[in-house]
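So you can see what is in the structure, the chains are spelled out below.
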Amino acid sequence: MAERYDLVVIGAGPGGYVAAIRAAQLGLKVACVEKADALGGTCLRIGCIPSKALLDSSELYHLAEAKFSKHGIKLDNLGIDLPTMHKRKDQVVKGLTDGVAFLFRKNKITPVFGAAKLTSPTTVRVTGNDGKDVDLEAGHILLATGSAPINLPFLPFDGKTVVSSTEALAFDAVPKHLVVVGGGAIGLELGSVWRRLGAKVTVIEFLPRIVPSSDVEIGEALRKSLAKQGLEFHLETKVSGAAIKPDGAIVKATNAKGEELEFPCDKILVSVGRRAYTEGLDLDKAGVKADPKTGKVPVDEHFRTNVPTISALGDLIAGPMLAHKAEDEGVAFAELLVGKAGHVDYNTIPNVVYTWPELASVGRTEEQLKEEGVPYRVGKSMFMANGRAKAMDEVEGVVKLLAHAETDRLLGAHIVGARASDMIAELVAVMEFGGSAEDVARTSHAHPTLSEVVREAAMAVDKRAISG
Ligand code: FAD
């Protein structure tokens, strides 16, 4: 007989596992189905965490190679031990996926390993790796099956030469020349990793700029910094295919002038975005509708699909494909399910590109405010003028704040610079509270810290920055 649960979650990524934990905290009997052999989803296994582990390792190598001598630190025989770097990354991943398993035990959530499919609006069949089926009955079902990399039909993944982020996180040798197709966060982060470790890296982007959703000025500042580090950019350039050879490939592309370009390389990372993933879920068996174009599952403000007993969240639904967005939705979903007032403020979800310098932003860009006709004032401050940035030798970067011209309410914050990912949190909190640039300007910031650049930018909104 099928085991009955109040909630069956399909997918143990940041959306699914957070929803499962919050629902269990609220007293529900929960099972979470995962088809991979570890919990944690794309984020923990093949996304956020392993990419940051490699970014941190490669950053240390880059510092040792390019910056230590400036600090008066001498090193001989610097080298790269890639297997050890990957081993450390794998240990970081394992520590965190085991951590989710621990949290499941602590909250009495039943993990079920296998591929789930819907058999009705309240039943799920899980086919385990041993081929055996288990049926689960649910008061409510949550779809949190996430996303998968977009495959270009004219440049299909082969797992060896034409790869997705998953394989680019595990190259067993530093490529001589890596071509990255797509100038978004994932391509730039993994491009940075391999550039720092010695690869020539060429980024080809169809649009006129990288990180297309960012504030234009801030995105361009990041591009310039990355170009200085040796990443080569070809913007407004359309990849049309590649000739695959036994030891590499020649990528073919056309630039804005109509010139045909060729890029001989040994690896091609295709990172042109991700698509909602519902393969094998049998949505139709339960009557759940997905957008035929995007594959995304439409939901209402309670995360309910068109079938009242089935909800969806995370990368599977509309909005930015980010782990913290999925987590926020997980908490809100569980709270709404038990009649509490769960809520996600989509205007204050930060976005970070973990290159060096980092790019971090929240809220409206200057371009969006112009388009929306919202009157605004801009305050900017450069890292160059900051004492801590100078001490760290990290003087590249700028904080740009956008405040409403009449009310001074903070509408957007954009940072390119060292530790931008940590500094954005202050501005997210101020925006959550409906705060103003003046609020930030009048808040004491420890000296000397990079966060003083944020305060100076807030002062600059009112044209009274101290540092110029
Ligand atoms: P996922 O994490 O994708 O989890 C879905 C889970 O469902 C998977 O484990 C999958 O195996 C499982 N599943 C699917 N179908 C079934 C089925 N039928 N039965 C059982 N299980 C199933 N985001 C950030 O915020 N910050 C970052 O720094 C960042 N870096 C990234 C780097 C890379 C290289 C990648 C690829 C992504 C990155 N992301 C980052 C995005 C982030 O990983 C996703 O937004 C996030 O994982 C989405 O969470 P989710 O719970 O919706 O889905």
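Residues numbered from 1 in each chain as written. Predicted model: local features only at pLDDT ≥ 70, side-chain atom pairs only at ≥ 80, totals over all residues. Heavy atoms only, no water.

Colleague: Can you walk me through the sheet that holds strand E13 (residues 248–254) in this structure?
Modeller: The strands making up a sheet associate through hydrogen bonds between their backbones, and the pairing can be parallel or antiparallel. Spatial ordering of the open sheet is given by E12-E13-E14, a layout of 3 strands whose pairing is antiparallel. Every other strand in the sheet has two partners, leaving strand E12 (238–245) and strand E14 (260–265) as the edge strands with one partner each. Across this sheet, the average inter-strand angle for adjacent strands is 20°, counted without regard to direction. (Pairing = 2+ DSSP bridges. Helix = DSSP H or I, 4+ residues; strand = E, 2+ residues; numbered from the N terminus. Axes fitted to C-alpha atoms, helices over the stretch in contact; angles between N-to-C directions.)

Colleague: Honestly, the nonpolar core in this entry has me stumped. Any pointers?
Modeller: Generally speaking, a soluble globular protein has its nonpolar side chains buried in company with each other. Membership of the largest hydrophobic core comes to 55 residues, with the highest contact counts inside it found for Phe104, Leu118, Val124, Leu143 and Val288. With residues up to four places along the chain from it excluded, the contact list for Leu118 reads Ile10, Thr123, Val124, Ile141, Leu143, Leu281, Asp282, Leu283, Lys285, Ala286, Val288 and Ile310. In terms of nonpolar packing, the next biggest core, distinct from the first, is built from 31 residues, Tyr61, Trp194, Leu197 and Val416 among them. (Core = buried A, V, L, I, M, F, W, Y, C linked by side-chain atoms within 4.5 Å. Buried < 20%, exposed > 50% of the residue type's maximum accessible area, 1.4 Å probe, protein only. Contact = heavy atoms within 4.5 Å.)

Colleague: How should the pattern of salt bridges be read in this particular structure?
Modeller: Side-chain pairs of opposite charge can arise where the charged atoms are in close proximity. Inspection of the entire model under this criterion finds 29 salt bridges. Where Arg125 meets Asp135, a salt bridge forms, and the shortest distance between an N and an O atom there is 2.7 Å. Highlighted residues: Arg125 in strand E5 (residues 123–127) and Asp135 in strand E6 (residues 133–143), separated in sequence by 10 residues. The exposure class assigned to Arg125 is partly exposed, which follows from its relative accessible area of 30%. Classification of Asp135 by relative accessible area gives partly exposed; the value is 32%. Measuring nitrogen to oxygen at the nearest pair gives 3.1 Å for the salt bridge that ties Glu232 to Lys200. With Glu232 in strand E11 (residues 232–234) and Lys200 in strand E10 (residues 200–204), the pair connects residues that are 32 residues apart, well separated along the chain. (Salt bridge = Lys/Arg side-chain N within 4 Å of Asp/Glu carboxyl O.)

Colleague: I keep staring at the layout of surface pockets and nothing clicks. Help me out?
Modeller: Which parts of space are left empty comes out when a probe the size of a water molecule is rolled across the atoms. Approximately 400 Å³ is the volume attributed to the second largest pocket. The wall of the second largest pocket is formed by 19 residues, among which Asp56, Glu59, Leu63, Trp356 and Arg419 lie closest to the centre. Among the elements that take part in the lining of the second largest pocket, helix H3 (residues 48–67) stands out by supplying 7 residues, more than any other. Looking at the lining of the second largest pocket, its residues break down into 8 nonpolar, 3 polar and 8 charged. Lining the lining of the second largest pocket are residues from two domains, each supplying at least three of them: domain 1 (3–149 + 275–346) and domain 3 (357–461). (1 Å grid on protein atoms, 1.4 Å probe; cavity = no way out; pocket = protein on both sides within 12 Å on 5 of 7 lines; lining within 4 Å. Points joined across faces, edges and corners; volume = space filled by probe spheres on them. Nonpolar A, V, L, I, M, F, W, Y, C, P; charged D, E, K, R; others polar. Domains from an automatic or database assignment.)

Colleague: Hey, could you run me through the site of the ligand in this one?
Modeller: Around the ligand there are 38 residues in total, and Gly15, Glu34, Thr42, Lys52 and Ala323 lie nearest to it. Glu34 places a side-chain nitrogen or oxygen 2.6 Å from an oxygen atom of the ligand. Put simply, the parts of the chain that give the shell around the ligand at least two residues each are helix H1 (14–25), strand E2 (30–34), helix H2 (41–46), H3, strand E4 (115–120) and helix H9 (323–337). It is H2 that contributes the most residues to the shell around the ligand, 5 residues altogether. Of the residues assigned to the shell around the ligand, the class counts are 17 nonpolar, 15 polar and 6 charged. (Near = heavy atom within 4 Å. Polar contact = N/O pair within 3.5 Å; in protein donor to acceptor, adjacent residues only side chain to side chain.)

Colleague: What am I meant to see in the packing of aromatic side chains here?
Modeller: The geometry of an aromatic ring pair is captured by the separation of the ring centres together with the interplanar angle, meaning the angle of the planes. Here the structure, examined in full by the defined rule, presents 1 aromatic pair. Looking at Lys29, its charged tip hangs above the ring of Tyr5, at a distance of 4.9 Å from the centre. (Phe/Tyr/Trp six-rings, centres within 6.5 Å; stacked < 30°, edge-to-face > 60°. Lys NZ or Arg CZ within 6 Å of the ring centre and 35° of its normal.)

Colleague: So what exactly am I meant to see when it comes to H1 here?
Modeller: Since the α-helix turns once every 3.6 residues, residues separated by three or four places project in the same direction. Between its terminal C-alpha atoms H1 stretches 16 Å, which fits the 16 Å expected from 12 residues at 1.5 Å a residue. Judged by how many residues are buried, H1 sits mostly within the fold: 10 of 12 residues are covered. Within H1 the residues assigned to the buried category are Pro14, Gly15, Gly16, Tyr17, Val18, Ala19, Ala20, Ile21, Ala23 and Ala24. Where H1 terminates, the next one or two residues include Gly27, which has phi positive at roughly 100°. (Expected span 1.5 Å × (residues − 1).)

Colleague: How should I be thinking about unusual backbone geometry in this particular structure?
Modeller: Glycine aside, residues mostly have negative phi, and peptide bonds are mostly found in the trans state. The residue after Trp356, namely Pro357, is reached through a cis peptide bond having omega 0°. Here Pro357 is to be found in the loop between strand E18 (351–353) and strand E19 (358–363). Even without glycine at this site, Val211 takes up a positive phi of about 35°. Note on placement: Val211 falls in the loop between E10 and helix H7 (216–228). Even without glycine at this site, Glu236 takes up a positive phi of about 50°. Counting through the fold element by element, Glu236 comes out in the loop between E11 and E12.

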